[in-house]
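The chain contents come next:
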Amino acid sequence: MEQIKKLFSAKYKRFWLALMFVCLIAAPFVTSNLQKRVMTTIFIYCLLSMGNMLISGHAGMLNMGQAAFYGVGAYIAAIMQLNYGVPFILCFIVAGLGAGLCGFLVSIPCLRLDTDFLSLITTAFSYIFLAIVRNWMSVTRGPMGLTAIPPIELFGYKFSGATSIYFLLLGIVVVCYILMNNIVNSRIGRAIQATRDDSIGAQSVGVKADLYKVLAFVIGTTLAGFAGALYASYIGYISPNNFVYDTSLTIMQMCIIGGLGSMPGSIIGAAFFVVMPELIRPLAVYRVGVGGIIMIAFMLFRPQGILGSRAFACSTGIQEKLKQKHMEWKMRKQRAERAGEGVR
Amino acid sequence: MNTELNYFLQTTSNGISLGSMYSMIAVGYSMVYSLLYQVNFAHGDLYVFGTFIAFSFISMALPLPVAILAAGLLTALIGMTIERTVYRPVRYANRIVPMISALGAALVLRTAAQIIWGPEAIAFPQFLPGGSFNLGGFTLFHKNIIVLLFATALVVGLTWIMNHTKFGRATQCIVENMEAAQLMGIPLNKIIPLVYGLGGFFGVIGGIMYSGYYGVISIDMGIWGTVKAWAAAMLGGVGNFYGAFLGGLILGVSETFAGAYISSAAKEALGYIVIVLVLVFRPNGLLGKKKVVKV
């Protein structure tokens, strides 16, 4: 046990990272097309959940409308490419900025509200977005969706094969992860977290709480916009059904299962929620219910998520109780030993 | 009578009926929500499940009041079970945790309903009386009045229970301060499941009214109902049943007016736009008390 723990200590971190990268780079050469598609989907959801993690985990504002920002990005990119033939790279940037602008507009009323009212506003935005997209026939073609979106083309190279898209998205996710991690560990990230933990306290030491809340929202939603642009070009077809409220809830679940306030957690959560439905697909009708049971069991066993901090869990959760039982047992054993020594 | 005016009155009465049904579902939600401040994602699926149970009872030719009561009690039991298995183990964790486990419970309920009653929308017996008054060219249906009366009675009754019974006062103590309430000898683990059960019970009554009014029931109403109930409860202000009632009415009336005067497309959106506007100007809801932030 001790030796296994040692293997995962900080000393070997670089080794594990290197191993992971080797696996990720080797993966597309040994996997089937379906598996490559699943992994590409994970990468897209990684972008979404990392954005949501910054908003919900680090800034503490429960964002239940991430799918709507995702949709804004996807529709902006698709419409620009289909109607005006703009090159992908420009669409990508504009989609991110557009979603970020929406995030900015949504976050302004949110400054006056706390927690649940804020999630209600983002929920409302999500439904308003859906209503607009479903009914603005001339631009978004309503429920029929936009078809024949050209594949990603960068500097004359067409990313049409599954492997090439895999590598492109892997690169984007790695870059975004490094950026987000640096943001979280920089002054900005610390200010955002301080605002979450104690807004008044943070303000009293000179942190502009409102500014950092808005900033976290804009950064997080911009990532969602990027993910939307990538998704639109990757699948080639978007419809309002891709951006419904359930998708927002799934993204929120990814963050919570991964562990709120942990960037690597968001990636693990995304992988969990993309892979799990694929694995339990043979259960057919029972699929959704089994997914629900897995979620409940997960929350009961480890309330703080896979990589979350214990601060989110208090002294609840089966895992914590087992730990306590183990400690009690150890203490009792020690006491018995000591008593035995006394007798001798 | 002027046709314009007639249309306006008709829309108003329809809106108020829809609003009353929203408020019936929202009152149950508000009750549970004000207790522990947990966004209860299972509420919608719970009441839809209960309405399905009522549907089964009614099609088994049970008398209507018995069917409604039995379905309500069964749902209350399910609500208590959910509280015991899903909420209580994580009660003291971060408030986001119960939200996700509730979502899991909602998925389980949805799947169970889908397996038992099938995924398609089913015709629900329209048990509300079909007669109408004629007020100078404007027809007011009996069922519009009945739904509104029912919702009002529910809200007044619940408020009375909360203010005048031992159970209600114990609930208020828990809302005020959970630890102190426990120290005063209030049995936390009896009161909280009861509140969850009562919330489910009143949710089912709202659901049965809705299905009886429109004559349809489907499992898609679950997440929709959760969001509507949540929105109405927050709009009116948390922890105040009159607030939930008012919020539901505003939501229903604004949606119906948008559907009648702008377009059916605007129906969904306008309700949410109203919510955003109200919350921007009154961040604690219409009747909500302003929270004092302590340092």
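Residues numbered from 1 in each chain as written. Chains lettered and ligands numbered in written order. Predicted model: local features only at pLDDT ≥ 70, side-chain atom pairs only at ≥ 80, totals over all residues. Heavy atoms only, no water.

What follows concerns the overall build of chain B. Counting its secondary structure elements, chain B contains 11 helices and four strands. The globule rule puts the C-alpha radius of gyration for 295 residues at 19 Å, and the 19 Å found for chain B is close to it. The dimensions of chain B, computed from C-alpha atoms along their principal axes, are 65 × 50 × 35 Å. The 295 residues of chain B split such that 57% are buried. (Helix = DSSP H or I, 4+ residues; strand = E, 2+ residues; numbered from the N terminus. Rg over C-alpha atoms; globule rule 2.2 N^0.38 Å. Buried < 20%, exposed > 50% of the residue type's maximum accessible area, 1.4 Å probe, protein only.)

It is worth spelling out the interface of chain A and chain B at this point. Listed per partner, the contact involves 42 residues of chain A and 48 residues of chain B. Summed over both sides, the interface of chain A with chain B buries roughly 3900 Å², with 79% coming from carbon and sulfur. The largest share of the area that chain A buries against chain B comes from Asp116(A), Phe117(A) and Leu120(A), three residues that together contribute 16% of it. Linking chain A with chain B are one residue pair in polar contact (both at pLDDT 80 or more). Looking at which element gives the most residues to the side of chain A that touches chain B, the answer is helix H6 (residues 115-135) of chain A, with 12 residues. The residue makeup of the side of chain A that touches chain B, split by class, is 29 nonpolar, nine polar and four charged. (Contact = heavy atoms within 4.5 Å. Buried area = accessible area lost by both parts, 1.4 Å probe. Polar contact = N/O pair within 3.5 Å; in protein donor to acceptor, adjacent residues only side chain to side chain. Nonpolar A, V, L, I, M, F, W, Y, C, P; charged D, E, K, R; others polar.)

To find leftover empty space, one rolls a probe the size of a water molecule over the atoms. All names here are of chain B. Scanning the model with the defined rule gives two cavities of 30 Å³ or more in all. Estimates place the volume of the largest cavity at around 80 Å³. Lining the largest cavity are Val32, Asn40, Ala42, His43, Leu46, Gly79, Ile82, Tyr87, Tyr196, Gly199 and Gly200. Taken together, the elements giving at least two residues each to the lining of the largest cavity come down to helix H2 (42-59), helix H3 (64-87) and helix H8 (188-214). Residues that form the lining of the largest cavity fall into these classes: six nonpolar, five polar and no charged. (1 Å grid on protein atoms, 1.4 Å probe; cavity = no way out; pocket = protein on both sides within 12 Å on 5 of 7 lines; lining within 4 Å. Points joined across faces, edges and corners; volume = space filled by probe spheres on them.)

Aromatic rings in a pair are described by how distant their centres are and how their planes are angled relative to each other. Residues and elements named next belong to chain A. Inspection of the entire model under this criterion finds 28 aromatic pairs over all chains. Centroid distance Tyr166 to Phe167: 5.5 Å. Interplanar angle 85 degrees. Geometry classified as edge-to-face. With a relative accessible area of 28%, Phe167 lands in the partly exposed category. A network of ring pairs unites the aromatic residues Tyr70, Tyr75, Phe129, Tyr231 and Phe243 as a single cluster. (Phe/Tyr/Trp six-rings, centres within 6.5 Å; stacked < 30°, edge-to-face > 60°.)

Across chain B, the average pLDDT comes to 83, with 97% of residues at 70 or higher. Averaged over each element, pLDDT in chain B is lowest for strand E2 (residues 132-135) of chain B (74) and highest for H3(B) (88). (pLDDT = per-residue confidence, 0-100.)

The subject of this paragraph is the packing of helix H9 (residues 221-236) of chain B against helix H10 (residues 241-262) of chain B. Residues and elements named next belong to chain B. Following both chains from N to C, one finds H9 and H10 inclined at 115 degrees, their axes separated by 7 Å at the closest point. Two packed elements cross with a definite hand, and for H9 against H10 that hand is right-handed. For the pair formed by H9 and H10, the contact residues are Lys228, Ala231, Ala232, Ala233, Leu235 and Gly236 on the first element and Gly243, Ala244, Gly247, Gly248, Ile250, Leu251 and Glu255 on the second. Residues belonging to the contact of H9 with H10 are distributed by class as follows: seven nonpolar, four polar and two charged. (Axes fitted to C-alpha atoms, helices over the stretch in contact; angles between N-to-C directions. Left-handed = near helix turned anticlockwise from the far one by under 90°.)

With that settled, consider the nonpolar core. In this structure, Leu47(A), Ile238(A) and Tyr245(A) are the most contacted members of the largest nonpolar core, which totals 195 residues. Contact partners of Ile238(A), with chain neighbours within four places excluded, come to Ala74(A), Tyr75(A), Ala78(A), Gly145(A), Leu146(A), Ile149(A), Tyr231(A), Ala232(A) and Phe243(A). (Core = buried A, V, L, I, M, F, W, Y, C linked by side-chain atoms within 4.5 Å.)

All names here are of chain A. A volume near 1600 Å³ is recorded for the second largest pocket. In terms of lining, the second largest pocket is formed by 49 residues, of which the most central are Asn241, Val244, Asp246, Thr247 and Thr250. Here the residues of the lining of the second largest pocket sort into 28 nonpolar, 11 polar and 10 charged.

Residues and elements named next belong to chain A. Assigned domains within chain A: domain 1 (28-308) and domain 2 (314-344). Each of domain 1 and domain 2 was reduced to a C-alpha centroid, and the two centroids are 45 Å apart. Listed per partner, the contact involves five residues of domain 1 and five residues of domain 2. When the two sides are added together, the surface that domain 1 and domain 2 hide from each other amounts to roughly 390 Å², 60% of it contributed by carbon and sulfur. Considering only the side of domain 1, the residues that lose the most area to domain 2 are Leu300, Phe301 and Pro303, jointly responsible for 81% of the buried surface there. Where domain 1 touches domain 2, the interface holds zero salt bridges. Our count for the contact surface shared by domain 1 and domain 2 stands at zero residue pairs in polar contact (both at pLDDT 80 or more). Of the residues assigned to the side of domain 1 that touches domain 2, the class counts are three nonpolar, one polar and one charged. (Domains from an automatic or database assignment. Salt bridge = Lys/Arg side-chain N within 4 Å of Asp/Glu carboxyl O.)

Let's shift gears to the environment of Gly225(B). All names here are of chain B. If you trace the backbone, Gly225 turns up in helix H9. When the C-alpha atoms of Gly225 and Ile58 are compared, they prove to be 22 Å apart, with 167 residues separating the residues in sequence. Each residue touching Gly225, except ones within four places of it in the same chain, is listed here: Gly44 and Tyr47.

This part is about helix H8 (residues 162-185) of chain A. A rise of 1.5 Å per residue sets the reference length of H8(A), with its 24 residues, at 34 Å; its end C-alpha atoms lie 34 Å apart and thus fit the reference within 8%. Where H8(A) is concerned, the buried positions are Ser164(A), Ile165(A), Tyr166(A), Leu168(A), Leu169(A), Leu170(A), Ile172(A), Val173(A), Cys176(A), Met180(A) and Val184(A). (Expected span 1.5 Å × (residues − 1).)

What follows concerns the pattern of salt bridges. It is possible for side chains of opposite charge to pair when their charged atoms get near one another. Residue and element names in this part refer to chain B. Under the criterion given, the structure shown has three salt bridges over all chains. A salt bridge links Glu255 to Lys228, with the nearest nitrogen and oxygen atoms 3.0 Å apart. Of this pair, Glu255 sits in helix H10 while Lys228 sits in helix H9, and the two are 27 residues apart along the sequence. For Glu255, a relative accessible area of 2% corresponds to the buried category.

Attention shifts here to a nonpolar patch on the surface. Residue and element names in this part refer to chain A. Together, Ile89, Leu90, Ile93, Val94 and Leu97 make up an exposed nonpolar region whose accessible area comes to about 420 Å². With respect to the helices, strands and loops of the structure, Ile89 is situated in helix H5 (residues 88-110). The partly exposed category is assigned to Ile89, whose relative accessible area is 39%. (Patch = residues over 30% accessible without salt bridge, like charges linked within 9 Å, V, L, I, M, F, W, Y side chains within 5 Å. Areas by Shrake-Rupley, 256 points an atom, 1.4 Å probe, with all protein chains shown as cover.)

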